[in-house]
Amino acid sequence: MDVAVADRLQFAFTIMFHYLFPIGTMGLAPFIAWYTLKAWRASDEEAAKIAAFWTKIFAINFAAGVVTGIPMEFQFGTNWAAFSAKAGGVVGQPLAMEGVYAFFLESIFLGILLYGKRAVPPALHALSAVLVCLGSWLSGFFIVVTDAWMQHPVGYSIAREGRIEMQNLAAVLLSPFALWQYLHVMVAALVAGAFIVAGVGAYYLLSNREAQIGQRLVRAGLITGFIFSALTIFPTGDRNSADVTEYQPIKLAAMEGLFNSTNGAPLAIIGIPDVHAKQLIDPIFVPSALSFLAYGNFEANVKGLTAYATELWPPVELTYYAYHVMVGLGTIFLAVTAIGVLLLLWRAAVYRSRWLLWLLMLLMPLPYIANEAGWTVSEVGRQPWIIYGLMRTNEGISSNVASGETIFTLIGFLGMYFLLGVIFLYLTLREISLGVER
Amino acid sequence: MSIAAFIILAAMIAVYVILDGFDLGVAAITPFIARSESERAASMHAIGPFWNGNEVWLIAAGGALFAFFPKAYASAFSGFYLPFIIVLWMLMFRGIALELRGHFPTRIWHDFWDFCFTVSSTLLILLFGVALGNLLHGVPLDTNGYFLGTFGVLLNPYALGVGILAVLTIALEGAAFIMLRIDGAPAVRAAKLAIPLWWLVLIAYVAVTIATFSMHFSERLAQTAAYGAILPGMLIVLSLAALIAGYFAFIRKAAWFAFLSVCAFLGFLLVAAAATLYPYLLPSFPSGNGISIFDASPSPAALLTALVAVIAGLCITIIYAGTVFPRFFEKGNRLIKP
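Residues numbered from 1 in each chain as written. Chains lettered and ligands numbered in written order. Predicted model: local features only at pLDDT ≥ 70, side-chain atom pairs only at ≥ 80, totals over all residues.

A closer look at the overall build of chain A
Looking only at helices and strands, chain A has 13 helices and eight strands in total. Here the C-alpha radius of gyration of chain A, 23 Å, is about what a compact globule of 438 residues would show, namely 22 Å. Each principal axis of the C-alpha atoms in chain A carries an extent, and together these give about 60 × 50 × 40 Å. Expressed as a percentage of contacts within chain A between residues at least 6 apart in sequence, the contacts between residues at least 24 apart total 74%. (Helix = DSSP H or I, 4+ residues; strand = E, 2+ residues; numbered from the N terminus. Rg over C-alpha atoms; globule rule 2.2 N^0.38 Å. Contact = placed C-beta atoms within 7 Å.)

Okay, structure coming up:
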């Protein structure tokens, strides 16, 4: 196998598996902070139980996230040595900052949250929940900043031996590209958190247990799910698209399956990209909508893939499908939560609508797919670049690691993560079935 | 500026070794000091609130190495690909064992994870020790600073010796920590075990120290001359003093004093190791292609930014960790009853 392909497969697998857990921690942490604060300020016994319940699930997520996160930190060195040697001066820095600013915060205060309830005063216990949340969100920030720099490099200079160095840390940390991407990622994780909360609440209501807590969870999940679903689309999703349109037009064309440059380009709702024939099979179009979304003008010219050399194309099918899966699911989330909120306002009918509760319960895994699909658009769509416009992906690999070695370790990761995944699901489902009231 | 970065990085690694040392050490000696299931549970519980935060020091040090010395980060981790991935897997196993043991009240489940906990932790100490031994010894590198040898090269007698010293010393630290945190029979057994362990550490320490000096003797002599005789002599005296202080502390069952002495001993050993390595991050043997701190770091201005960002973060961390962790050692919270 081509070495670069083996390296990419390993990275894709390990990062996608790892990311399942940060979705859970970043998505649930704000709920835990909210319920913990409520329990502390309002002496709300029920909120304390809910907070303790989600903290248990958070802790399982956190442990799996740490365990699968360690290889990520070092994989740049093991499999992407040329990339690391060249760009480590920039990308190493947010990663180092993630360690010292975010991980310490999260892990130390999670220790308090889990072990220290009796050892510390209640105020510090409540503060710990907030700091754990802050830690997980900061951690996401530094990761997105690193990725955003690879998508749209800023604030760097080229030094001896072609090494890329940090010239302006603030420009890297505060790049508008990074900030909108960060907001989009975090809001999307919150949608996942909201659907978990609502889904578990729906499960309790459907199984006729813990009715009061079930209602509380469904209500919280629906309201936050509705707000954050809307925010994934506007303004965060919209601003992300605008950045892609401006800085990565080839990715935009691949996302939309647009092969030929067109004035008043239509938006493909569905369709099958045929890369060899350079066309979309069986499409359903909204006329001129793509031009409007990209440039705010129904007549604008949108460049298609054929305007660029084929070697600059990302894998078109994967980018296209991942994007459409993400957008399709996002639309479903907004629609379902909107209906749910309406039923909530209309005489709390939502708690009696078994079909909606079923829907909420079954939808639980889908935000995970939407999150992963979004990252797939971002990362696969960036190809063939590892740093957009500066370094090709196949130039970034470790030249001294054979594909056989990488395939061996990939198999090892597959086995280990399979085991971990089974145990994770088992433990999480067991916590849910044990219930909030113990 | 490169020197400052080297010092910060070495300090972060030293803090990691000392802090995660007690987690790993507790795991390594658990089969010897805990007989019943509840005693083994207590030994995991003793490190429960800490191990994760301690492991972050390794992740932070990895990040700092990446940011301060990208070339060394790239060369070291890709060069020692398989051993390094095995370290990662062991780290993962240790974490999984710690997290999962308590979730299921069955004898078989507990036994299995206790076994994984001890084996992965002990292997980790050994691998870290062997890695350090190889760094001190030097490894064959090509002109780009990439590793040229095989597994067999890495398992040389000197590196294995350092590995054994590491296992013994960390186990001793673990014994002291058990005395500090656990009440009853395990603490008594740990104190008893510490004495023979101490003698083994002393023997291994003397052997490894002599081997380190006699290896590449002329280079070592030149290095000693460059530092002046004061620093190496001082380190030997200080580390021996800390070790001997530990002996008396173990005899008198003074848990805190024993723990701090072993930590100080470890600290001095690591300072000595860093001083031996300097100015290399990855020395080569036969010499010539080693990666030095000046070669591997970005320009001073870029490095300064990275240093400031990391040091500021560390200061904040030390402040809150220093506020929070002592709580676990206050009266009533310190001792765990099995």
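Structure's up, so let's keep going.
Considering the overall build of chain B
The helix and strand tally for chain B stands at 14 helices and two strands. What you see for chain B is a C-alpha radius of gyration of 20 Å, in line with the 20 Å of a compact globule of 338 residues. In terms of its C-alpha atoms, chain B occupies a principal-axis envelope of roughly 55 × 40 × 35 Å. Expressed as a percentage of its 338 residues, the buried residues of chain B come to 52%. A separation threshold of at least 6 residues defines the contact pool for chain B, and within that pool the share at least 24 residues apart is 78%. (Buried ≥ 20, exposed ≤ 12 C-beta atoms within 10 Å, placed from the backbone.)

A short note on helix α1 (residues 3-41) of chain A
All names here are of chain A. Over its 39 residues, α1 extends 57 Å from the first C-alpha to the last, a length consistent with the 57 Å expected when each residue adds 1.5 Å. Maximum bend of α1: about 30°, positioned at Leu28, with proline Pro30 one to four residues after it. The first or second residue beyond α1 is Ser43, which carries a positive phi of 45°. (Expected span 1.5 Å × (residues − 1). Bend = angle between axes of the 7 residues up to and from the residue.)

Details of the packing of helix α2 (residues 45-79) of chain A against helix α3 (residues 51-68) of chain B
Taken N-terminus to C-terminus, the directions of α2 of chain A and α3 of chain B make an angle of 15°; their axes are 9 Å apart at the nearest point. In terms of axis orientation, α2 of chain A runs roughly parallel to α3 of chain B. Crossing handedness for the pair α2 of chain A and α3 of chain B: left-handed. Residues Val66, Ile70, Glu73, Phe74 and Phe76 of chain A of α2 of chain A lie in contact with α3 of chain B, whose contacting residues are Asn52, Ile59, Gly62, Gly63 and Phe66 of chain B. Counted by class, the contact of α2 of chain A with α3 of chain B contains six nonpolar, three polar and one charged residues. (Axes fitted to C-alpha atoms, helices over the stretch in contact; angles between N-to-C directions. Parallel < 35°, antiparallel > 145°, perpendicular 65-115°, else oblique. Left-handed = near helix turned anticlockwise from the far one by under 90°. Nonpolar A, V, L, I, M, F, W, Y, C, P; charged D, E, K, R; others polar.)

Let's talk about the interface of chain A and chain B
Taken together, the contact between chain A and chain B spans 49 residues of the former and 52 residues of the latter. Of all the secondary structure elements, the ones that give two or more residues to the side of chain A that touches chain B are α2, α3 (81-115), β2 (164-166) and α13 (403-434) of chain A. With 21 residues, α3 of chain A is the single largest residue contributor to the side of chain A that touches chain B. Its residues assigned to classes, the side of chain A that touches chain B comprises 29 nonpolar, 15 polar and five charged.

Examining the environment of Phe69 of chain B
Residue and element names in this part refer to chain B. Note on placement: Phe69 falls in the loop between α3 and α4 (70-79). Distance in space between the C-alpha atoms of Phe69 and Phe294 is 8.8 Å, their sequence separation being 225 residues. Sequence-distant contacts of Phe69, defined by excluding residues within four places in its chain, comprise Leu281, Ile293, Ala296 and Ser297.

Examining the confidence of the model for chain B
Residues and elements named next belong to chain B. In this model, chain B carries a mean pLDDT of 86, and residues with pLDDT of at least 70 account for 96%. The least confident element of chain B is helix α10 (residues 217-227), whose mean pLDDT is 69; the most confident is helix α8 (residues 157-181), at 91. If you check the scores for this complex, the pTM reads 0.92 and the ipTM reads 0.88. (pLDDT = per-residue confidence, 0-100.)

Quick word on the pairing of strand β4 (residues 267-274) of chain A
Residues and elements named next belong to chain A. The sheet contact formed by β4 and strand β5 (residues 279-286) spans six bridges and is antiparallel. Bridged to Ile270 within β5 is Ile284. The antiparallel hairpin formed by β4 and β5 contains four residues in its connecting segment, where Lys278 sits at a positive phi of about 55°. (Pairing = 2+ DSSP bridges.)

Topic: helix α4 (residues 122-151) of chain A
Between its terminal C-alpha atoms α4 of chain A stretches 44 Å, which fits the 44 Å expected from 30 residues at 1.5 Å a residue. Taken across its 30 residues, α4 of chain A has 22 buried, putting it largely inside the fold.

Re the packing of α1 of chain A against α2 of chain A
Residues and elements named next belong to chain A. Running from N to C, α1 and α2 point in directions that differ by 150°, and their axes come no closer than 7 Å. Here α1 lies roughly antiparallel to α2, going by the angle between them. Crossing of α1 against α2: the hand is left-handed. Classifying every residue of the contact of α1 with α2 gives 22 nonpolar, 13 polar and two charged.

Quick look at the environment of Phe62 of chain A
Residues and elements named next belong to chain A. Locating Phe62 in the fold gives a position in helix α2. Given 26 C-beta atoms within 10 Å, Phe62 falls into the buried group. Sequence separation between Phe62 and Ser107 is 45 residues, and the spatial gap between their C-alpha atoms is 8.8 Å. Dropping the residues within four chain positions of it, Phe62 is found in contact with Thr25 and Leu110.

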